[in-house]
Amino acid sequence: MSDTKNVKLGVCKVFYDGVDLGYTQGGVDVTVKTETHKVNVDQFGKTTINEVILSRDVTAKTPLAETTLENLVKIMPGAVLTEVGGSAATGTITIATNPSDGDTVTVNGVAVTFKTASPTGNQVLIGASASATATNLAAFLNASSLAGLSVATYTANASAVTVTYDVKGTAGNNFTLASGQASVTVSGAKLTGGTASTSEKVDVPTGIGTNLLETAKELRLHPKALPDSDKSEDFVIPLAATPGALNFSYQLEKERIFEVEFNGYPDPNTEKLFYVGA
């Protein structure tokens, strides 16, 4: 039965790689374009007797109104944020003794479990020594695409892993560490030492030859009317990337906008291009 509640309006939040890109201006437009080949034979003249899909592409135009340096780095492939002065918050995860199977360490809310064999998901292989396990842990954390982990870098040094928040400033002090076993110890519940930089700039290269698929991350459009936990109406492109664009007017009554167009790419394994819902 038809229901007027199914007719919905409203703007969306834009999350890229799990990070909210902030306010937009003018609305977000999603376009799905499908190209087909119409099959004809002489006996039916110009009448189409069949139609075959040749390609399907998805794009999302997102005019970002928050033109911060951090957003510029996210939407301009190859851009590098350079900070002058200040320091990054740091902490240490120490492998006191080689962990037992099932021991855990929680890094910024993500529980990582040590396994003696065949690690999957958020699991790390226990090495032949505490030093080898620390190396495995650092490699796993650096390779993670989880938003809570990817904001830091991890360096193995003997039987310890140094955690460094990627952005200088006190925000990194909120990065948390915790351990429940004697085999693994951490240098306090939070990273320490983060101080703000005195100045920042973004260097933007030409980007020639950049492989956008290698930079692709999840783009999630979430209706603002729904709580963040309700993803039932989200529009998600699992692999989305943008070549980068700006539209700076510097006019009295016109805002500066990052005119970002995200292009979606199919997953090479599942062929999934996008999905809607949780």
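Residue positions are counted from 1 within each chain, in the order its sequence is given. Note on the predicted model: pLDDT of at least 70 is required for a residue's local features to be given, and 80 or more for side-chain atom pairs to be given and counted; whole-chain, interface and lining totals, by contrast, use all residues. The basis for the side-chain values is all heavy atoms of the structure; hydrogens and waters are excluded.

Participant: Please set out the overall build of the protein residue by residue, giving values where relevant.
Facilitator: Looking only at helices and strands, one finds 4 helices and 18 strands in the protein. Each principal axis of the C-alpha distribution contributes one length, and for the protein these read about 80 × 55 × 45 Å. Residues count as neighbours in contact if any of their non-hydrogen atoms are within 4.5 Å of one another. Of the contacts made within the protein by residues no fewer than 6 positions apart, 63% connect residues no fewer than 24 positions apart. Here the protein has roughly 15,900 Å² of accessible surface; of this, 52% comes from carbon and sulfur atoms. Charge counting treats Lys and Arg as positive and Asp and Glu as negative, with His and both chain ends excluded. Taken as the charge centre is NZ of Lys, CZ of Arg, CG of Asp or CD of Glu, depending on the residue. Counting 20 positive and 28 negative side-chain charges, the protein places the averaged centre of each group 3 Å from the other. A run of H or I in DSSP counts as a helix once it spans at least four residues, and a run of E counts as a strand once it spans at least two, with each numbered from the N terminus. Surface accessibility follows the Shrake-Rupley procedure with a 1.4 Å probe radius. Residue values consider only the protein chains on display as shielding.

Participant: Could you give an account of the pattern of salt bridges, naming the residues involved and the relevant values?
Facilitator: Think of a salt bridge as a Lys or Arg side-chain nitrogen and an Asp or Glu carboxyl oxygen that are within 4 Å of each other. In total, this model carries 6 salt bridges according to the counting rule given. Notably, a salt bridge pairs Asp-228 with Lys-13, separated by 3.2 Å at the nearest N-O pair. Separated by 215 residues along the polypeptide, Asp-228 in the loop between β15 (217-223) and β16 (235-241) and Lys-13 in strand β1 (residues 12-16) bring together distant segments of the chain. For every residue, the accessible area obtained with a 1.4 Å probe (protein chains only) is divided by the maximum for its type, and the residue is called buried under 20%, exposed over 50%, and partly exposed between those limits. Judged by relative accessible area, Asp-228 falls into the partly exposed class, the value being 41%. Here Arg-220 and Glu-218 are joined by a salt bridge, their closest N and O atoms 3.5 Å apart. Given the relative accessible area of 12%, Arg-220 is considered buried. Residues joined by salt bridges that share partners form a network here, namely Glu-218, Arg-220 and Asp-234.

Participant: Talk me through the sheet that holds strand β12 (residues 177-179); I want residue IDs and the actual numbers.
Facilitator: The 4 strands are arranged β9-β8-β7-β12 in an open sheet whose pairing can be described as mixed. A strand with exactly one partner marks an edge of an open sheet, and here the two such strands are β9 (123-125) and β12. For this sheet, the mean angle separating the axes of adjacent strands, direction not counted, is 25 degrees. By the convention used here, strands pair only if DSSP detects at least 2 bridges between them. Of the strand pairs in this sheet, strand β8 (residues 110-115) and β9 are connected by 3 bridges, and their pairing is parallel. Looking at the pairing, Lys-115 lines up with Leu-125 of β9. Strands β7 (104-107), β8 and β9 of the sheet are contacted by helix α2 (residues 130-143), whose axis makes an angle of about 140 degrees with β9. In this analysis, axes come from line fits to C-alpha atoms, helices being fitted only over the stretch in contact, and the angle between any two N-to-C directions falls in the range 0 to 180 degrees.

Participant: Give me the layout of surface pockets: which residues, what numbers.
Facilitator: Here a cavity means grid points, on a 1 Å grid over the protein atoms only, where a 1.4 Å probe fits yet cannot get out; a pocket means an open set of points with protein on both sides within 12 Å along at least five of seven lines; lining residues are those with an atom within 4 Å of a point. Grid points are joined across faces, edges and corners, and a volume is the space filled by probe spheres set on the points. Estimated volume of the largest pocket: approximately 990 Å³. If you trace the largest pocket, you find 27 residues lining it, with Glu-70, Val-73, Lys-74, Ser-150 and Val-167 closest to the centre. Of all the secondary structure elements, the ones that give two or more residues to the lining of the largest pocket are β2 (19-20), α1 (69-75) and α3 (147-150). Element by element, the count of residues in the lining of the largest pocket is highest for α1, at 5 residues. In the lining of the largest pocket, the residues fall into 13 nonpolar, 7 polar and 7 charged. Any residue that is not Ala, Val, Leu, Ile, Met, Phe, Trp, Tyr, Cys, Pro, Asp, Glu, Lys or Arg is counted as polar, Gly included; the first ten are nonpolar and the last four charged.

Participant: Break down a nonpolar patch on the surface for me, citing the residues and quoting the values.
Facilitator: Think of a patch as exposed residues, more than 30% relative accessible area, with no salt bridge, where like charges cluster within 9 Å and nonpolar side chains (Val, Leu, Ile, Met, Phe, Trp, Tyr) cluster within 5 Å. On the surface, a cluster of nonpolar side chains totalling about 260 Å² of accessible area is made up of Val-41, Phe-44 and Ile-49. Among the structural elements, Ile-49 can be located in the loop between β3 (29-39) and β4 (50-64). What makes Ile-49 partly exposed here is its relative accessible area of 41%.

Participant: I'd like to hear about the pairing of strand β11 (residues 160-165), residue by residue, with values.
Facilitator: Examined bridge by bridge, strand β6 (residues 90-95) and β11 share 5 bridges and lie antiparallel to one another. Residue pairing for β11: Gly-91 is matched across the bridge by Val-163. Note: strand β10 (residues 152-157) against β11, 6 bridges, orientation antiparallel. Note that in β11 the partner of Ala-152 across the bridge is Tyr-165. A loop of 2 residues connects β10 with β11, the two strands running antiparallel in sequence, and Ala-158 in this loop sits at a positive phi of about 60 degrees.

Participant: Mind laying out the packing of aromatic side chains, listing which residues take part and the relevant values?
Facilitator: The aromatic pairing rule takes the rings of Phe, Tyr and Trp, using the six-membered ring of Trp, and pairs them if the centres are within 6.5 Å, calling planes under 30 degrees apart stacked, those over 60 edge-to-face and the rest tilted. A full pass over the atoms with the stated rule returns 2 aromatic pairs. Relative to Phe-262, the ring of Tyr-16 has its centre 4.9 Å away and its plane inclined at 45 degrees; by these criteria the two rings are tilted. Of this pair, Tyr-16 sits in strand β1 while Phe-262 sits in strand β17 (residues 258-264), and the two are 246 residues apart along the sequence. You can call Tyr-16 buried: its relative accessible area is 5%. Ring geometry for Phe-235 versus Phe-274: centroids 5.0 Å apart, planes at 20 degrees, classification stacked. Of this pair, Phe-235 sits in strand β16 while Phe-274 sits in the loop between β17 and β18 (275-276), placing them 39 residues apart in sequence. Judged by relative accessible area, which is 15%, Phe-235 ranks as buried.

The analysis is restricted to geometry; functional conclusions fall outside its scope.
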